[in-house]
Each structure stands twice: as C-alpha cells, then as structure tokens.
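As a plain string of letters, each chain reads:
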Amino acid sequence: MITRRVPARPLLGVHPALILAALDLVGLVVASYLSIVEINGGVPTCGPFHGCEEVALSEYARIGGVPVAVFGVLLSLVLLSLALAWWRTNIYALLLAHYALSLVGVIFDGYFLYLQVFVIKAVCVWCVTYEISLLLRFAIAALVYYRQPRPDTESLDQDV
Amino acid sequence: MTTGRKTEAGEYVTRRERRATERAARSGHRSESRAAKRAIWRSPMVVLSVVAILLGGAAVAYAFATQPRTPTDLLIAPLAAVPAGIADGRTLGTAAAPVTVDIWSDFQCPGCRQLATRIEPPIVTQLVVPGFARLVYHDAAFQGRKVNTSWDESEQAAAAARCAADQGRFWEMHDWLFANWNGENEGGFRPERLRLIADSAELDMGVYDQCMAAGDKQTAAGAETDAAVASGIQSTPTILLNGVLYRGAVTVKDLGNAIMAAAGTPSPAPAEGRVRQ
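Computed from a prediction, not measured in an experiment: that's the story for all the values here.

Peer 1: Could you clarify how one ought to interpret the overall build of chain B in this entry?
Peer 2: Secondary structure assignment for chain B yields nine helices and eight strands. Split into buried and exposed, the 277 residues of chain B put 45% on the buried side. Pairs at least 24 apart in sequence give 76% of the contacts found in chain B among residues at least 6 apart. Split by element, the accessible area of chain B, about 14,300 Å² in all, is 55% carbon and sulfur.

Rendered as structure tokens:
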C-alpha cells in the first residue's frame, strides 16, 4: 500500500527528502524573484548574461495573463510541502507525489525551454536555473524511488 | 510391458504423462510472466508517470492554445512613462542641454531595443530630465532591407513613429514599439500590429491612418536611412555625443560617464535600473 510509511534509505548521508527540499527551495527563490519583478511591471536582470529581458517581455512569458513564474512558485511550494511532509512522516505516497509533480513540471519546462531557444531566441538564465533544479528534483525522486524499499515487499513500520 | 521412463522417484511415466507435465509447467511460466507484466503496469510509479505525462502534456497544450498565434494578439506596455514637457518631436530634453546624444536606431534592431528599454530610461531620469543631455532620434532603418518584401517593417515602424511625432507622441510610440519588438522581419511590425501599437500609444487613429497612407513619412525614413549609410553608419544603435562617435560600451555607467564628460561635469555614474517615471 503506497499510503504506508517506509523508512527512507539515506542519500549522501541524509534523508533524501532534505535534498529534494533544498532543491525545492532553490526553485522557490528563483521563481519568487521572477514573479515579484514581473508582477510589479519590471523585467528581471541577468547581469552579464542577456536574454531575461527578451523572455520576460515576450508574449510567451504569461499564460492567461499570469506570469509563468507564478506557476513555478506554486509548483515549488507544493513540492517543498511534499518533501517536508515525506521527511517528517516517511509516507511512501508523498515521495511518489513529488516524483509525479516534478515530472509534470519537467515536461512543461521542456516546452518553455523550446520556446526560449527556438521561438523567443533568447535564454533567460533564471528560467534555466529553475529548469535545472526541477530536472534534478525529478531525477533524484526517481532515483530515490528505485533505491527505496517497496511497502509491499519490505517490512513496514506501521500502517497509516 | 512398460514403455515409459523411470522418474527420479523410481516411478514409470508414459510419454503422454511427461508431455502433459511439461505443458503444465510451460503454462505455469506463462501465467507467472503475465502476472509479472500486470504487476509492472499496476506499479504506482508507472501509473503516476503516465498520469504526470498526461498532465504535463495538457499543461503544454493549454499554454500552446492560449498563447498568441501571431504577434498581433497581445501587446506589452512600456515600463516607463515619457517625462512630461521635455519632448519635442523626435527630441527629448531641453535645447539648452550641453550634450546632444544623437541615436541612430532601427525599431527592429535588438540592440536598439536593449538601448531603448534598459539604458535610456535611467539616462533620461538622471541626465536628460535634469538638463545635462538631450536625446535626438534618427532613423537608420535598414534591417527591413535585408528581406525583399513589399512591407519593410523597419521603414514602416519608423514612419509610424514619425506620424506619432506629428501628433506630439513620438517618444510614447518609440517606447511602445520597442516594448513590442518581436524579432527582425518576423511580422512584429506588420500593418495590423503596427496599427494596434499606434492605438496603444494613444494616437488619433484617423490622423495616423491618413499619415501612413500618404507615404511621405516612409520616404523620409528611407531618405534618412540612406543618409546614415552614406555617412558610414553600418550598425545600430550608433550613438554620437555632440557629434562625436561614442565607442564605449552601451551601458548606463559607461554611456552616462561619457555624457557627463562631454558636458564637462564629471560626476558619479548613473545607477543601473532606475526607470524614468
């Protein structure tokens, strides 16, 4: 039963949820910065890199009038909550939910990266940072899943 | 007479019995294999992956469906407003300013967009409004000449800005055009979108339509571009400070320092990121 608690196998010496939470936090900070700047009518700065302005000013930076970064904030918040909840409870389903949601984000970010490279013809370094963090979260969640004892094959702590 | 083989247990089995046993064993393997396949498909990871891929695909499809098919569907407002009372046609700033900053530009050029949207606003706030410099816009609208089309987007955008200048709204139109830059010769300034931009810049659209239809603004923009090319201007933006070619980096700090040096008033460089209000 995926709703059971399964002790996590440590990754790099810590509970893997903490690594996921750290990456979620990176994504949250980046997406929050982009959201705040864009909601206030500004454009993010890339320092020595260029491209953030072009991406932020393009019509693809908003979906239904809402900056894409705002969806990134929401996704990161949910993922962070799932990672912390998994860390505290070891409920197997929370790991799976983190994996699945990060996969949804990776698919959308792949599309957004395509837009940046081939349509907008400018790459926003902040967006790419977020995309890399999301890809890492997905990959780590998948890796943790394969290393993790299954609730139906391993001894169970307790039912929820 | 016994015709079968002896088993390990010492019992004789007939060929028919042995084949039946082998069939049963093969059948058992097949059912185990089917069960294993079922188990894979019933794995929560696989189910969740499929659901996630469907959800991700739906999100992409929604984004694709709601995003504009052509550049005409959505316009972006400029970040900064033009300061009141210092605009005169294609000039911004007081005539008494010690430094004249001539900007040779093309509304389709990405570097010009960078200059107009990132560099100019703090320069205007900190150097033009206080009276150290005035900006003069010139057309070097040759990007549209790279393609052989009846609608030269660079020249038409320049003409639209000149029509806006006739209505006293050149800099508003300048800001709207650069805010809605959409690549070079990719339809960003095609007729309908250019008209939409003019409307957003609050031009009198009846007067604008007449001005654009007359064609003399296009001729003037083309003539100024020819003059720019003839004088050696080969790239945009090209900046002159009191008639001297500016060769420094197009950054707020470097350009600001150069303007202050030309004004004979050394001062701390303007800060990045301050937007004119």
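Peer 1: Teacher, can you tell me more about the nonpolar core here?
Peer 2: A general feature of soluble globular proteins is that nonpolar side chains tend to end up buried together. Counting residues in each nonpolar core, the largest one holds 56 residues, and the members touching the most others are Val55(A), Trp86(A), Tyr99(A), Phe108(A) and Ile140(A). Sorting the residues of this core by element identifies α1 (16–39), α2 (52–57), α3 (68–89), α4 (92–120) and α5 (125–147) of chain A together with α2 (44–66) of chain B as the ones contributing at least two each. Residue contributions to this core peak at 14 residues, all from α4(A). Apart from the residues lying within four places of it in its own chain, the contact partners of Phe108(A) are Ile63(A), Val68(A), Ala59(B), Val60(B) and Ala63(B). Counting 51 residues, the second-largest nonpolar core is a separate cluster that includes Ile119(B), Ala157(B), Ala160(B) and Met173(B).

Peer 1: Would you mind showing me how to read the state of the cysteines here?
Peer 2: Each disulfide is one covalent bond, formed between the sulfur atoms of two cysteines. Residues and elements named next belong to chain B. The final tally for this structure, using the stated rule, is one disulfide over all chains. Residue pairing for Cys163: its cysteine sulfur links by disulfide to Cys211, the two sulfurs lying 2.0 Å apart. Note on the Cys163 and Cys211 pair: the S-S dihedral is about -90°, so by sign convention the disulfide is left-handed. Remark: Cys211 occurs in helix α7 (residues 205–214) and Cys163 occurs in helix α4 (residues 153–166); sequence separation between them is 48 residues.

Peer 1: Is there a simple way to think about the confidence of the model for chain A in this case?
Peer 2: Low-pLDDT stretches of the model should not have their predicted coordinates read in fine detail. Mean pLDDT for chain A: 84, with 88% of residues reaching 70 or above. Put simply, α2(A) is where chain A has its lowest mean pLDDT, 76, and α3(A) is where it has its highest, 93.

Peer 1: Looking at this structure, I do not really get the environment of Glu155(B). What am I missing?
Peer 2: Residue and element names in this part refer to chain B. Of note, Glu155 is situated in helix α4. Linking Glu155 and Lys217, residues 62 residues apart in sequence, is a C-alpha distance of 8.8 Å. Residue contacts for Glu155: discarding those within four places in its chain leaves Ala141, Arg145, Gln218, Ala221 and Gly222.

Peer 1: Would you explain the pattern of salt bridges in this entry?
Peer 2: Working definition: two side chains of opposite charge can pair if their charged atoms are close together. Residues and elements named next belong to chain B. Within the structure shown, the criterion is met by 10 salt bridges over all chains. Of the charged contacts, one joins Arg162 and Glu224 as a salt bridge, the two residues approaching to 2.4 Å between their closest N and O atoms. In this pair, Arg162 sits in helix α4 while Glu224 sits in helix α8 (residues 216–230), placing the two residues 62 residues apart along the sequence. Residue class for Arg162 comes out buried when judged on its relative accessible area of 12%. A residue is classified by how much of its surface remains accessible, and Glu224, at 14% relative accessible area, is buried. The partner of Arg169 in a salt bridge is Glu202, and the shortest N-O contact between them spans 3.9 Å. With Arg169 in the loop between α4 and α5 (170–179) and Glu202 in the loop between α6 (191–200) and α7, this pair connects stretches of sequence that are 33 residues apart. Within the structure, one salt-bridge network assembled from shared partners comprises Arg90, Asp139, Arg162 and Glu224.

So, how was this worked out
- Residues numbered from 1 in each chain as written.
- Chains lettered and ligands numbered in written order.
- Predicted model: local features only at pLDDT ≥ 70, side-chain atom pairs only at ≥ 80, totals over all residues.
- Heavy atoms only, no water.
- Helix = DSSP H or I, 4+ residues; strand = E, 2+ residues; numbered from the N terminus.
- Buried < 20%, exposed > 50% of the residue type's maximum accessible area, 1.4 Å probe, protein only.
- Contact = heavy atoms within 4.5 Å.
- Areas by Shrake-Rupley, 256 points an atom, 1.4 Å probe, with all protein chains shown as cover.
- Core = buried A, V, L, I, M, F, W, Y, C linked by side-chain atoms within 4.5 Å.
- Disulfide = S-S within 2.5 Å.
- pLDDT = per-residue confidence, 0-100.
- Salt bridge = Lys/Arg side-chain N within 4 Å of Asp/Glu carboxyl O.

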